[in-house]
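# Structural overview for review
The primary structure of each chain is shown beneath.
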Amino acid sequence: MKIGIFDSGYGGLTILNKIRQRLPQYDYIYLGDNARTPYGTRSFDVVYAYTLQCVEKLFERDCQMVILACNTASAKALRTIQQNDLPRLAPERRVLGVIRPTIESLGRLTHTRTVGLVATEGTVRSGSYPLETAKLYPDIRVVSQACPMWVPLIENNEHNSDGADYFVKKYLDALFRQNADIDTLILGCTHYPLMLNKIRRYTPQNVTIVTQGDIVADSLADYLQRHPEQRNRCSTNGSCKYLTTESAEKFCTAATSFLHQHIEAEHIAINA
């Protein structure tokens, strides 16, 4: 059985890329719900419903586990799916997110114990990062800033334009105005690494920037090591298949910006 990687759009490809570098032997299926992106501005109920539909679709394609490579889906849908839906759908399978592994890395990174978060409106409104951080590290404060224009810029391939600088600087300035003690910055959306150079330009030099790809890849490797019953169910032919709810041709063109290689994709329909 395969490992599924799900995102509302293209950002999860940054996670998939790092996972495949770290664990190239496994078989993967990537599903982008590009027809219904972005998730960041949608309600909890809608994000949960869309995410569950996509998880079920990946289960139908023989995925043993699904990684929600989307912070909004991880924030708004993961816990409900794990607690309410998995026992009914497939108790032997697993659905994992990206928020918990990211938070686990903070303890060794921040010295001021003040962390900044840039993310979609949905992730910020969910409060998932401050809540989960408080459980693990009660002494760490999370200061959040929504960046509603960043994903549209990236999805429309405008993130390298001069115009993008205005919005990168605008949101980062707003974050650091909230608290000057921030010494660690979480990029709480899997799209954002594509703007890493611009983000670095407008972030103070003493601030450590946390991208999620390597963290999630290492966390998955550790999980599979600790759970041989899951690892042994995963096939190891080194393959990867791409699914999208949008046009396959459009997906392949856009995915090149994330993967720097040509891929083939299959269009699938998800009935609401």
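To be clear, the structure that these remarks concern was listed above.
## Things to note about the nonpolar core
Of all hydrophobic cores here, the largest spans 55 residues; its most connected members are Leu13, Trp150, Tyr192 and Ile199. Looking at this core element by element, the count peaks at 7 residues for helix α13 (residues 248-259). Leaving out residues up to four positions away in the same chain, Trp150 has contacts with Val118, Phe167, Val168, Tyr171, Leu172, Tyr192, Met195 and Ile199. By size, the runner-up hydrophobic cluster in this structure holds 25 residues, among which are Val55, Ala73, Ala77 and Ile81.

## Structural notes on unusual backbone geometry
Cis geometry marks the peptide bond from Thr37 to Pro38; its omega dihedral reads 5 degrees. Mapped onto the fold, Pro38 is located in the loop between β2 (28-32) and α2 (44-60). A positive phi angle is found at Arg113, which is not glycine, with a value near 60 degrees. Structurally, Arg113 can be placed in the loop between α5 (99-104) and β5 (114-119).

## Focus on the packing of α2 against helix α4 (residues 78-89)
Two quantities define a packed helix pair, namely the angle between the axes and the distance from one axis to the other. Two elements in contact, α2 and α4, have axes whose closest approach is 12 Å; the angle formed by their N-to-C orientations is 40 degrees. In terms of orientation, α2 lies oblique with respect to α4. Crossing of α2 against α4: the hand is right-handed. Listed contacts from α4 to Tyr48, Thr51, Leu52, Val55, Glu56 and Phe59 of α2 are Thr80, Ile81, Asp85, Leu86, Arg88 and Leu89.

## What about the sheet that holds β2?
Spatial strand order, β4-β3-β1-β2-β9-β10: 6 strands in an open sheet with parallel pairing. Each edge of the open sheet is held by one strand with a lone partner, namely β4 (94-96) and β10 (265-267). On average, each strand axis in the sheet is inclined to that of its neighbour by 25 degrees, with strand direction left out of account. In this sheet, β4 lies alongside strand β3 (residues 63-68) in parallel orientation, the contact comprising 3 bridges. Paired with Val66 across the two strands is Val95, which belongs to β4. Running at roughly 140 degrees to β10, α13 makes contact with β2, β9 (240-244) and β10 of the sheet.

What counts, and where the lines are drawn
Residues numbered from 1 in each chain as written. Predicted model: local features only at pLDDT ≥ 70, side-chain atom pairs only at ≥ 80, totals over all residues. Heavy atoms only, no water. Core = buried A, V, L, I, M, F, W, Y, C linked by side-chain atoms within 4.5 Å. Buried < 20%, exposed > 50% of the residue type's maximum accessible area, 1.4 Å probe, protein only. Helix = DSSP H or I, 4+ residues; strand = E, 2+ residues; numbered from the N terminus. Contact = heavy atoms within 4.5 Å. Axes fitted to C-alpha atoms, helices over the stretch in contact; angles between N-to-C directions. Parallel < 35°, antiparallel > 145°, perpendicular 65-115°, else oblique. Left-handed = near helix turned anticlockwise from the far one by under 90°. Pairing = 2+ DSSP bridges.

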